[in-house]
Structure formats: C-alpha cells, structure tokens
Amino acid sequence: MEEFDKLCNRVMDELYLYMEKKDCKNIIMVAHGAALNAILAVVSNFRTGTGKLRLKNVSISVIESMEVDSKTLASGLPNVEPRLLAYDLSLAEFAMQIS
C-alpha cells in the first residue's frame, strides 16, 4: 500500500502540471476517492480529506488556481497555488453554486 505522503506528493505533482498551463482554465478530474481525498487534505491544510471525510459517490469538488508572487517563483516552487472553494457537492449543489 502506498504511503499517504507519497500519494499526496504524486497527485499534487500531477495537479500542478495542469494548473501551471496558461491555456488551461478549467480542469475536470475523475479519480478514485483516495486520490481526491489526498488532494483535498493538502489543499485544505489537512482540515478535511483523508481520515476526516467520506466522499459521496459522484461528488464534485472545486479548487481554484491562484497565481503566486515572484518570491515564490524564485524559490523554484510552482507559480500557482490551489485554493479549496467547495468539496463533496452533489450535482444539484454544484449547479446552485454556478448559477
């Protein structure tokens, strides 16, 4: 079984690859609950996610991509930062948020 910190690093590395693309405005990610919970854990600073949340089947989570300042760029870190806006929404709940 994969260690949780390695899972978090692996899924966040992939998320950053897409978030850093300038022409990529929206990302739809379909994944197993463990991968989604790992992302939610990292993005929420471990306030939710693995061990704290059981995702509904076919739930929707919304993560916004925020550009970061030049100090972060100089450090070699990604130039974007994910921010959790909503998680574990049903389709109806998501539809209400975007309307």
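All values reported here derive from a predicted model rather than from experimental measurement.

Visitor: What is the right way to read the pattern of salt bridges from this model?
Guide: Note that side chains of opposite charge can pair when their charged atoms are close. In this structure the tally under the stated criterion is 3 salt bridges. Across the salt bridge formed by E2 and R10, the nearest N and O atoms sit 2.8 Å from each other. Under the relative-accessibility criterion, R10 is labelled partly exposed at 45%.

Visitor: How do you make sense of the layout of surface pockets when you look at a structure like this?
Guide: Of the pockets and cavities examined, the largest pocket occupies roughly 850 Å³. Around the largest pocket sit 27 residues that line it, and K25, N26, I27, I28 and I63 are the ones nearest its centre. Going through the elements one at a time, α1 (4-19), α2 (33-43) and β1 (60-67) are the ones with two or more residues in the lining of the largest pocket. Within the lining of the largest pocket, the residues separate by chemical class into 17 nonpolar, 4 polar and 6 charged.

Visitor: Before we go on, may I ask you to explain the nonpolar core in this structure?
Guide: If you look at soluble globular proteins, the nonpolar side chains tend to sit buried side by side. Core analysis: the largest hydrophobic core is formed by 11 residues, namely L7, C8, V11, M12, L15, M19, A35, A38, I39, V43 and V80. When residues no more than four places from it in sequence are discounted, the contact partners of M19 are I27, S65, V80, E81 and P82.

So, how was this worked out
- Residues numbered from 1 in each chain as written.
- Predicted model: local features only at pLDDT ≥ 70, side-chain atom pairs only at ≥ 80, totals over all residues.
- Heavy atoms only, no water.
- Salt bridge = Lys/Arg side-chain N within 4 Å of Asp/Glu carboxyl O.
- Buried < 20%, exposed > 50% of the residue type's maximum accessible area, 1.4 Å probe, protein only.
- 1 Å grid on protein atoms, 1.4 Å probe; cavity = no way out; pocket = protein on both sides within 12 Å on 5 of 7 lines; lining within 4 Å.
- Points joined across faces, edges and corners; volume = space filled by probe spheres on them.
- Helix = DSSP H or I, 4+ residues; strand = E, 2+ residues; numbered from the N terminus.
- Nonpolar A, V, L, I, M, F, W, Y, C, P; charged D, E, K, R; others polar.
- Core = buried A, V, L, I, M, F, W, Y, C linked by side-chain atoms within 4.5 Å.
- Contact = heavy atoms within 4.5 Å.

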